[in-house]
Amino acid sequence: MKSLRIFDTPTEVAGAVADRLAEVLAQHPRPVITFPTGSTMLPVYREIVARSQTGQLDLRGVQGIQLDEYAGVDDHTEASFRAWLHEHLLAPTGITAFHTLPAHDPTPAALASYEQVIASYGGVDLAILGIGGNGHIAFNEPGSPADSRTRVVELDRRTRQANERYWTDSDAFVPTRAVTQGIGTILEAREVLLIATGAEKAEILHEALHGPVSEHVPASLIRSHPHAEVLADAAAAGRQPSDSSARESDRLSA
Ligand code: PGA
């Protein structure tokens, strides 16, 4: 792993992600980028959208890749991750190329073909990730193999509880299964950026960064990636804002 960078606020974290995106776009005219969903990403996408709308960032060449999705959803499912991403990132920034997971009918052939398309793009340049309260990355719940590929998974009880807020329709309930890029798939990206904000992530982030590298805490597996970086706010890093040492980049080893 390359580094952990700690910022005072989620807004500053968002600015750092947008800055990194600007650098990636300066290097590649059509970068391949994996985008996550979740409340952590809201300020990040707000910042990216703001820069895009003021002409500071042109994302129209981005080839977006879906990271995870509920099994069984289609283009009309309001609580789907693809609908969420469309609303918060893709539509307002004009990203039209978005490679979705075969969530509606995740047959082995469709899952393999999803990965083949990524390979045909030349692989992922940047995988942006959140971290779940149980340490998951994408929907790779604790116990997911480090070499896992894109597949159907059962969701953890805690993950389903955390996602209940999105399924507000009285008839709808959080699906029990999801389709996710595997940990092996994710770690093939040339660069990984994991974002964590808020005190509720402090304990699991500490475990992921300082505990054993283990499939029990899937986020810890990113430490084996030479170009993985964690961007956290002070609360998630378990520090006080403006703690002078919090502004330093802590180098961590795998
Ligand atoms: P959150 O989700 O940003 O809503 O906390 C993160 C995740 O589960 O990966």
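Here is a short report on the structure shown in this document. If you're wondering where the values come from, they're calculated on a predicted model, not measured in any experiment.

What counts and what doesn't
Residues numbered from 1 in each chain as written. Predicted model: local features only at pLDDT ≥ 70, side-chain atom pairs only at ≥ 80, totals over all residues. Heavy atoms only, no water. Pairing = 2+ DSSP bridges. Helix = DSSP H or I, 4+ residues; strand = E, 2+ residues; numbered from the N terminus. Axes fitted to C-alpha atoms, helices over the stretch in contact; angles between N-to-C directions. Phe/Tyr/Trp six-rings, centres within 6.5 Å; stacked < 30°, edge-to-face > 60°. Buried < 20%, exposed > 50% of the residue type's maximum accessible area, 1.4 Å probe, protein only. Core = buried A, V, L, I, M, F, W, Y, C linked by side-chain atoms within 4.5 Å. Contact = heavy atoms within 4.5 Å. Expected span 1.5 Å × (residues − 1). Right-handed = clockwise from strand over helix to strand, strands pointing away. Salt bridge = Lys/Arg side-chain N within 4 Å of Asp/Glu carboxyl O. Parallel < 35°, antiparallel > 145°, perpendicular 65-115°, else oblique. Left-handed = near helix turned anticlockwise from the far one by under 90°. Nonpolar A, V, L, I, M, F, W, Y, C, P; charged D, E, K, R; others polar.

## Some details on the sheet that holds strand 5 (residues 97-99)
At step 1: Taken together, seven strands build an open sheet; the order of strands is 1-10-9-6-2-3-5 and the sheet is parallel. In this open sheet, the two strands that pair with only one neighbour each are strand 1 (3-7) and strand 5. Neighbour-to-neighbour, the strand axes of the sheet open up by a mean angle of 20°, direction not taken into account.
At step 2: Alignment of strand 6 (residues 126-129) against strand 9 (residues 192-196), held across three bridges, turns out to be parallel.

## Considerations on the packing of aromatic side chains
At step 1: According to the stated counting rule, one finds five aromatic pairs in the structure shown.
At step 2: With a centroid separation of 4.8 Å and 55° between ring planes, the pair formed by Tyr70 and Phe81 is classed as tilted. Taken together, the residues Tyr70 in strand 4 (residues 68-70) and Phe81 in helix 3 (residues 81-93) connect sequence positions 11 residues apart.
At step 3: Exposure remark for Phe81: the relative accessible area of 7% places this residue in the buried category.
At step 4: With centroids separated by 5.5 Å and ring planes inclined at 20°, the aromatic side chains of Phe81 and Phe139 adopt a geometry described as stacked. In this pair, Phe81 sits in helix 3 while Phe139 sits in the loop between strand 6 and strand 7 (151-154), placing the two residues 58 residues apart along the sequence.

## Observations regarding the nonpolar core
At step 1: In this structure, Leu194, Leu205 and Ile222 are the most contacted members of the largest nonpolar core, which totals 48 residues.
At step 2: The set of elements that each furnish at least two residues to this core consists of strand 1, helix 4 (108-120), strand 6, strand 8 (177-180), helix 6 (183-186), strand 9, helix 7 (202-210) and strand 10 (228-233).
At step 3: Looking at which element gives the most residues to this core, the answer is helix 7, with four residues.
At step 4: Here Leu194 is in contact with Leu129, Gly130, Ile131, Ile137, Leu205, Ala219, Ile222, Glu229, Val230 and Leu231, once residues within four sequence places are set aside.

## Let's talk about helix 1 (residues 10-27)
At step 1: Between its first and last C-alpha atoms helix 1 spans 26 Å; for 18 residues at 1.5 Å apiece the expected length is 26 Å, and the two agree.
At step 2: Taken together, the buried positions of helix 1 are occupied by Val13, Ala14, Gly15, Ala16, Val17, Ala18, Arg20, Leu21, Val24 and Leu25.
At step 3: Each element contacted by the buried residues of helix 1 is listed here: strand 1, strand 2 (32-35), helix 2 (41-53), strand 6, strand 9 and strand 10.

## With respect to the pairing of strand 10
At step 1: Within strand 10, six of the six residues are buried, leaving the element largely enclosed by the surrounding structure.
At step 2: The side-chain alternation of strand 10 yields two buried faces, one formed by Ala228, Val230 and Ala232 and the other by Glu229, Leu231 and Asp233.
At step 3: In terms of strand pairing, strand 1 meets strand 10 through five bridges, oriented parallel. In the strand pairing of strand 10, Ser3 is matched with Glu229.
At step 4: Two strands pair when backbone bridges link them, and strand 9 and strand 10 are joined in this way by five bridges, in the parallel orientation. By the bridge assignment for strand 10, Leu194 is matched with Val230.
At step 5: For the handedness criterion, the β-α-β arrangement of strand 9, helix 7 and strand 10 is classed as right-handed.

## Some remarks on the pattern of salt bridges
At step 1: Within this structure, the stated rule accounts for 10 salt bridges.
At step 2: Residue Asp125 is joined to Arg190 by a salt bridge in which the shortest nitrogen-to-oxygen separation is 2.9 Å. Of the two residues, Asp125 sits in the loop between helix 4 and strand 6 while Arg190 sits in the loop between helix 6 and strand 9, which places them 65 residues apart along the sequence.
At step 3: A relative accessible area of 9% places Asp125 in the buried class.
At step 4: On the accessibility criterion, Arg190 (42% relative accessible area) is partly exposed.

## A word on the packing of helix 1 against helix 2
At step 1: Two elements in contact, helix 1 and helix 2, have axes whose closest approach is 8 Å; the angle formed by their N-to-C orientations is 50°. With respect to helix 2, the axis of helix 1 lies oblique. Crossing of helix 1 over helix 2 shows right-handed handedness. Together, Pro10, Ala14, Gly15, Val17, Ala18, Asp19 and Leu21 of helix 1 and Pro43, Val44, Glu47, Ile48 and Arg51 of helix 2 make up the contact between the two elements.
At step 2: Each residue belonging to the contact of helix 1 with helix 2 can be placed in one class, and the counts come to eight nonpolar, one polar and three charged.

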